[in-house]
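# Notes for the structure review
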Amino acid sequence: MTQPTPIRAAEQVVAIEAARVYVAGVGVIDLTDAGTLAGHLMAAETLLMQIAAAFEEPTERDAR
């Protein structure tokens, strides 16, 4: 594993902080409201994809 560049490290911090802020702001969820639950699941999936992308190893093409 290579050391992240300062920009990649910043992207990683931003992605994690965005997820933390989202989770902190969710509050109480009405578990009987399927629409709200689906919305939270989609938002969580998006945030997790952003975190995964921030931590992926750069490819040869990215190095150019």
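Residues numbered from 1 in each chain as written. Predicted model: local features only at pLDDT ≥ 70, side-chain atom pairs only at ≥ 80, totals over all residues. Heavy atoms only, no water.

For the rest of this paragraph, the subject is the overall build of the chain. A tally of helices and strands in the chain yields 3 helices and 0 strands. When its helices and strands are written in sequence order, the chain yields α-α-α. Residues classed as buried in the chain amount to 11% of the 64 residues present. With the model as given, the accessible surface of the chain reaches about 5,200 Å², and the carbon-plus-sulfur share is 67%. (Helix = DSSP H or I, 4+ residues; strand = E, 2+ residues; numbered from the N terminus. Buried < 20%, exposed > 50% of the residue type's maximum accessible area, 1.4 Å probe, protein only. Areas by Shrake-Rupley, 256 points an atom, 1.4 Å probe, with all protein chains shown as cover.)

Two residues of an α-helix separated by three or four positions point the same way, owing to the 3.6 residues in each turn. Taking 1.5 Å per residue as the helical rise, helix H1 (residues 6–26) with its 21 residues ought to reach 30 Å, and the 30 Å between its terminal C-alpha atoms agrees with that figure. Within the sequence span of H1, burial applies to Arg8, Gln12, Ala15 and Ala19. Viewed end-on, H1 has its buried residues packed into an arc of 65°, placing them on one side of the element. Away from its buried face, by an angle of more than 90 degrees, H1 presents the exposed residues Pro6, Ile7, Val13, Val14, Ala24 and Gly25. Its buried side turned inward, H1 meets helix H2 (34–55). (Expected span 1.5 Å × (residues − 1). Arc of directions from axis to C-beta. Contact = heavy atoms within 4.5 Å.)

What follows deals with the packing of H1 against H2. Between H1 and H2, the least distance of the axes is 8 Å, while the angle of their chain directions is 165°. Taken together, the axes of H1 and H2 lie roughly antiparallel to each other. Crossing angle aside, the handedness with which H1 passes H2 is left-handed. Residues Arg8, Glu11, Gln12, Ala15, Ile16, Ala18, Ala19, Tyr22 and Val26 of H1 form the contact with H2, whose own contacting residues are Gly39, His40, Ala43, Leu47, Gln50, Ile51, Ala54 and Phe55. Of the residues assigned to the contact of H1 with H2, the class counts are 11 nonpolar, 4 polar and 2 charged. (Axes fitted to C-alpha atoms, helices over the stretch in contact; angles between N-to-C directions. Parallel < 35°, antiparallel > 145°, perpendicular 65-115°, else oblique. Left-handed = near helix turned anticlockwise from the far one by under 90°. Nonpolar A, V, L, I, M, F, W, Y, C, P; charged D, E, K, R; others polar.)

Turning our attention to the pattern of salt bridges. Summed over the entire model, instances satisfying the criterion amount to 1 salt bridge. Linking Glu17 and Arg20 is a salt bridge whose minimum nitrogen-to-oxygen distance equals 2.8 Å. Here Arg20 and Glu17 lie together in helix H1, a separation of 3 residues that amounts to about one turn. (Salt bridge = Lys/Arg side-chain N within 4 Å of Asp/Glu carboxyl O.)

Moving on, we come to the environment of Pro4. Inspection of the secondary structure puts Pro4 in the segment before H1. Counting along the chain gives 53 residues from Pro4 to Glu57, while the straight-line C-alpha distance between them is 9.0 Å. Apart from the residues lying within four places of it in its own chain, the contact partners of Pro4 are Ala9 and Gln12.

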